Amino acid sequence: METFSKLTSMLLHALETREPTVDLLDSFVDHWKSITNYYIETTDDSRPVRQTEIPWHLRQMLDILVYEEKQQAVEQTGPCIEYLLKHKVLETLCTLGKAQYPPGMVQQVLLFFSKLLSQIQKPLLQLISVYRPVQKLIRLCALPGSQTEKEEAQFLLVVCSRVKQDPHTLRYVLEILDQPASKHRTEPPLSSNHSHTSTCSPIQSESGLLLALLKFTKSQRSPVCLKAYESLLLLSGLQSGSSGELLCDQTKLEELLAGRLLELYSLLPLESLDPTEVQSCPQIPWSTQFSRCSSDLRSESPASDHITNFFSWFDFLDHLMKEAPEVLAVKLAQCVHQLWLLDVVQPQLQHTCEQVVLVSTSLLCAAVRLVQSSSLLDQLVHFLLRTPALTHLLLQRCDHISDQISMVSLSLVEELLQKPHRDVLDVLVLSFLQSRSYLSPPAAEQDDRHTESNETDQNSDDLEEDPFFFSDGLLLSVNQLLPPPLSSSSSSAPPPPSGLGSTADVVNSFLCLVPVQVRSAHLLQEGGYESYVHDAHTLVTECQSLSQSWEWPLGLPPPSSSSGEVVEFFEGHLLKVLFDRLGRVLEQPYELNLQLTAVLSRLSAFNHPLLHEYLLNPYIHLSHCSRSLFSVLIRLMGELMQRIQQVSNLTDRLLNARRHLLGLNHNTGLEHLTLLRGLIVLEEFCKELAAITFVKLPLDQQ
């Protein structure tokens, strides 16, 4: 074999100085005849192809084709490639590969096709003598029991790469069949640059390219699986208008992709999964699974593997929708909405089994956190917030009898609030605040304004002298706080309450809500108030970035009462359950209280004037039977002062409770532990609200 190789190299070198065109063709034809002669002369049909000279002849033919193309001008075509097309060499090879004669022949054919399509630069796939055998070879891929997965996946990837270069050839590799009248066309010369075109009928072979790629995504061999993923991305990323429409209108790509998601979801054992494990599923990009060793891809728990596989495919679909043309991305997202969310997830969310509800809600939490494509996010938001019965049910569960269900439902709300989708806040909160009917009628407000203003000033003077509120120095000079407020570089900050106090007044209104005698942060010398401002700055910056393109108004709308209407105020289902639960913070589990206050803090951090007024303005005059965040906290503090009368040695117990939360005290039998933890949460929450207010208000009001 080595001798033959040297002789061929010498021959090619000699041909470079003579008439290369004619001699190259002779050599090419000789190699091809050597292959065909093998079938005429051999009598041993069990001899593996690797033990014959067929692989060597195929390599020489390919080398000649590549060399010939390099010697030709761009617009010219050499006689060797013309011979290949005219004598249907590829068609014959495909037939030999299908017959597996000699044994292993299909592997050699796949390698030859892959190298031919990847190394020849001139477009080939639009030619009938090329795409017909390519179609036949595609049908041989991903068959049960295949021993050539690696070569098949590589071949399909090369085909998809060529389609990416020439999108108009998509119809050929997808077997969008020609009309019968056009099947008998003769092969045009490649040099004429004429491609085979005809009217197409919308027929997609079930054994075609897309189905083969989907099968390979299930392969246990990572290289094969990765090539299938990459091939699907190449196809779905075609930006050509006609190609995008072809994928949408004449294939079932979106159903195949969504169907795979459904298949992986069905493998999740909902009855035995740990909701905490599901919800905390790490946000790992789909491609990460192929960059690790195969031994790292499997955990000790099959359930964990199923979770990883499901979210890996979910992330892949999300990534695909980000790269795909809008028409395909929208259609795929709608398919996921219908087949997965509506048909499967919604019945699980409405299930009577608490475990099923917990796990399905946790899965949605992780999905919302993971999603980045606008098309898929639209469908998730539509499913969660525009399905009336489901939306009401999910919000009701934020105040469920099961603390676990309440926590996961609040987590889902928080995940939604972190997505760049305007409908989330509009549907959950802003639509209910728009009328501002939480304000008292203007006439009553005018009558009381002067008196209330004087009382406020007098109360402020009294408070400054009252050691019960300020003995630990929490009445702050706001200008000394760091870092500087976000609003110093932003023109979109809401205006402060007109005539009702400076930024320092508003900030200290929240800081002073928790009486001095029940504060405990200073007992362990934890981070100062500056750390709260720093965290608030980060949160407000994040929320401002999300809402930057939403064109929110800079000013407040006129209240409905100003037009003479009397509108009964309803804060909306979300704020209702949040305020109701906040009123029970002294009797709820610590983790639930943290989740509750996290949602309220995030809502408060958005720079919409209505949110700022309703959640962060202590001075608004509330209408009858209306409540605000500040008024709920005021009532809660009244209840707190009554309940702490039952606790002896309050300071020591608070210190022990904080140590217990930090893991410094493992005595789980602490008396009044829930109450003390609730008190600690309240103290931290009021500081957070004060810091958020400080960051959001303009500097000139300080």
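Quantities reported herein were computed from a predicted structural model and do not represent experimental measurements. (Residues numbered from 1 in each chain as written. Predicted model: local features only at pLDDT ≥ 70, side-chain atom pairs only at ≥ 80, totals over all residues. Heavy atoms only, no water.)

Asks: Summarise the environment of lysine 33; cite the residues concerned and give the values.
Replies: Looking at the element boundaries, lysine 33 is found in helix 2 (residues 20-41). Residue classification places lysine 33 among the partly exposed positions, given a relative accessible area of 45%. (Helix = DSSP H or I, 4+ residues; strand = E, 2+ residues; numbered from the N terminus. Buried < 20%, exposed > 50% of the residue type's maximum accessible area, 1.4 Å probe, protein only.)

Asks: Explain the pattern of salt bridges to me, using residue names and the numbers behind them.
Replies: This structure, assessed with the given rule, holds 22 salt bridges. A salt bridge links aspartate 399 to arginine 581; the nearest nitrogen and oxygen atoms lie 3.5 Å apart. Linking aspartate 399 in the loop between helix 19 (388-396) and helix 20 (403-417) with arginine 581 in helix 26 (residues 573-582), this pair joins segments that are 182 residues apart in sequence. Taking relative accessible area as the criterion, arginine 581 reaches 4% and is therefore assigned buried. Of the charged contacts, one joins aspartate 403 and arginine 581 as a salt bridge, the two residues approaching to 3.7 Å between their closest N and O atoms. Pair noted here: aspartate 403 is in helix 20 and arginine 581 is in helix 26, with a separation of 178 residues, a long-range link. One connected set of salt bridges, linked through shared partners, spans Asp399, Asp403, Arg581 and Arg584. (Salt bridge = Lys/Arg side-chain N within 4 Å of Asp/Glu carboxyl O.)

Asks: I'd like to hear about the nonpolar core, residue by residue, with values.
Replies: Ranked by internal contacts, the top residues of the largest apolar core, which has 214 residues, are Phe155, Trp313, Trp340 and Leu603. Leave out the neighbours within four places in its chain, and leucine 603 touches Leu417, Leu425, Val429, Leu574, Leu575, Leu578, Leu611 and Leu615. (Core = buried A, V, L, I, M, F, W, Y, C linked by side-chain atoms within 4.5 Å. Contact = heavy atoms within 4.5 Å.)

Asks: Lay out unusual backbone geometry with the relevant residues and their values.
Replies: The amide bond that connects tyrosine 101 to the next residue, proline 102, takes the cis arrangement and shows omega of -5°. Turning to its location among the elements, proline 102 is positioned in the loop between helix 5 (89-99) and helix 6 (105-119). Phi at cysteine 625 is positive, roughly 70°, even though this residue is not glycine. For cysteine 625, the position within the fold is in the loop between helix 28 (609-616) and helix 29 (629-643).

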